[in-house]
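# Reading the structure
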Amino acid sequence: MSTQQNALLPILMTCVGYGFLCISDAAMKLIASKYHFSVLLVLMGLSMAAIMGGYGLVTEGKAALRVRQWKWVMLRAVLGTACSICNIYSFPHVSLTVFYTLVFTCPFWIALLSSVFLKETLPLRSLAVIVFGFLVVAYVFQPGSGLFSLWTLIVLLGSFLYSCSMIAVRKAGPEESRTMLVVMAALTGVAFGLPFLPGHAVLPAAYALGVIL
């Protein structure tokens, strides 16, 4: 198979994955303002860990629970949790259109971080497109514009943290358990949310539990 054919499936899977991400973010926006972030982190984390852990055990057995690069797996988990907190806090204050306009500064951050930490290079044409897209976003959200606020800065921070987590995944390598990358991120969210839970613990309504799941 050609290089282009080999790349087609990962590209399609990435598109499908981001499609699900958009749906989950839209769902989260429905309830983000109604519950404390600790409630959402704990319930989402437990759901993700159970579903992905169970799937890994069924498909790969105990091998799915093996972690080879603890440093990168845990770094990805912490960065992912920080990104989730940024998103949960900002969702009630920005529209999804604004949110995703800022989220898609990720290609710029990833290109920059990849060149530093992974020693990757981009074709000049591709780099020019990424930089142009970032400049458009910077122009739209420049200080003084109606869209510029603390909340858009938090979304931008979340975008940067997400990009850093993608670098951590690459550093972990293709042999790392995808099951544990998800499970450890989910459990890290649970661990971070638990200390805040006693003062905010409340069982969400049935529809909210469905949204979380």
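Structure report, in brief. (Residues numbered from 1 in each chain as written. Predicted model: local features only at pLDDT ≥ 70, side-chain atom pairs only at ≥ 80, totals over all residues. Heavy atoms only, no water.)

### Quick word on the overall build of the protein chain
Our working rule: By definition, any uninterrupted DSSP run of H or I lasting at least four residues is a helix, any uninterrupted run of E lasting at least two residues is a strand, and each is numbered from the N terminus. Only C-alpha atoms enter the radius of gyration; for comparison, a globular chain is expected to reach 2.2 Å times N to the power 0.38, where N is the number of residues. Working definition of accessibility: Shrake-Rupley area with a 1.4 Å probe, residue cover restricted to the visible protein chains. Think of it this way: Lys and Arg go in the positive column, Asp and Glu in the negative one, and His and the chain ends go nowhere. One atom stands in for each charge, and that atom is NZ of Lys, CZ of Arg, CG of Asp or CD of Glu.
A count of helices and strands for the protein chain gives 9 helices and 0 strands. Start at the N end of the protein chain and walk to the C end: the helices and strands fall as α-α-α-α-α-α-α-α-α. Over its C-alpha trace the protein chain gives a radius of gyration of 18 Å, about what one expects of a compact globule, namely 17 Å for 213 residues. Only carbon and sulfur atoms are counted for the fraction: they give 73% of the accessible area of the protein chain, which is about 12400 Å². For the protein chain, the centre of its 12 positive side-chain charges and the centre of its 5 negative side-chain charges are spaced 4 Å apart.

### Quick word on the packing of aromatic side chains
Where we set the bar: Ring pairs are drawn from Phe, Tyr and Trp, using the six-membered ring of Trp, whenever the two centres fall within 6.5 Å, and their geometry is named by plane angle: stacked under 30 degrees, edge-to-face over 60, tilted for the rest. To sort residues, take the accessible area from a 1.4 Å probe on protein chains only and compare it with the maximum for the residue type: under 20% means buried, over 50% means exposed, and anything in between is partly exposed.
Under the criterion given, the structure shown has 10 aromatic pairs. Between Trp 109 and Phe 160 the ring centres are 5.3 Å apart and the planes differ by 80°, which places this aromatic pair in the edge-to-face class. Within this pair, whereas Trp 109 is found in helix H5 (residues 106-118), its partner Phe 160 is found in helix H7 (residues 150-172), the two being separated by 51 residues in sequence. The partly exposed category is assigned to Phe 160, whose relative accessible area is 31%. Ring geometry for Phe 192 versus Phe 196: centroids 5.7 Å apart, planes at 35°, classification tilted. Using a relative accessible area of 40% as the deciding quantity, one classes Phe 192 as partly exposed. Residue class for Phe 196 comes out partly exposed when judged on its relative accessible area of 37%.

### A word on a nonpolar patch on the surface
To be explicit about the condition: Each patch is built from residues lacking any salt bridge and having more than 30% relative accessible area; the joining distance is 9 Å for like charges and 5 Å for nonpolar side chains (Val, Leu, Ile, Met, Phe, Trp, Tyr). Salt bridges, as used here, are contacts in which a Lys or Arg side-chain nitrogen is within 4 Å of a carboxyl oxygen on Asp or Glu.
Residues Leu 122, Leu 124, Leu 127, Val 131 and Leu 135 make up a contiguous nonpolar surface patch of about 450 Å² in total accessible area. Topologically, Val 131 is positioned in helix H6 (residues 124-140). Residue class for Val 131 comes out partly exposed when judged on its relative accessible area of 31%.

### Focus on the pattern of salt bridges
The tally for this structure, following the rule as stated, stands at 1 salt bridge. As a salt-bridge pair, Arg 170 and Glu 120 come within 2.7 Å of each other at their nearest N and O atoms. Separated by 50 residues along the polypeptide, Arg 170 in helix H7 and Glu 120 in the loop between H5 and H6 bring together distant segments of the chain. Taking the relative accessible area as the measure of exposure, Arg 170 reaches 51% and is therefore exposed.

### Topic: the side chain of Thr 179
Short version of the rule: Here a residue-residue contact requires only that any non-hydrogen atoms of the pair lie within 4.5 Å.
Residue placement: Thr 179 occurs in helix H8 (residues 178-193). Since its relative accessible area comes to 2%, Thr 179 is described here as buried. For Thr 179, the contacting residues outside a window of four places in its chain are Met 52, Gly 53, Gly 56, Glu 60 and Ala 64.

### Some thoughts on the nonpolar core
Operational definition: Residues grouped as a nonpolar core are buried Ala, Val, Leu, Ile, Met, Phe, Trp, Tyr and Cys residues, joined through side-chain atoms within 4.5 Å.
The biggest cluster of nonpolar side chains holds 27 residues, and the ones touching the most others in it are Ile 31, Leu 40 and Phe 99. Counting residues per element, the ones that place at least two in this core are helix H1 (3-31), helix H2 (37-60), helix H3 (70-90), helix H4 (96-103) and helix H9 (206-212). Beyond its immediate sequence surroundings of up to four residues, Leu 40 is in contact with Met 28, Ile 31, Ala 32, Tyr 35, Gly 45, Ile 88 and Ile 212. Core analysis: the second largest hydrophobic core is formed by 9 residues, Val 73, Val 169, Leu 181 and Ala 186 among them.

### With respect to the state of the cysteines
Rules: Disulfides are defined in this document as cysteine sulfur pairs within 2.5 Å.
Going through the model one piece at a time under the given rule, you end up with 0 disulfides. Of all cysteine sulfurs, the one in Cys 83 lies closest to Cys 106, which takes part in no disulfide; the gap is 7.5 Å. Residue classification places Cys 106 among the buried positions, given a relative accessible area of 6%. For Cys 164, which is in no disulfide, the shortest distance to another cysteine sulfur is to Cys 106 and amounts to 9.7 Å.

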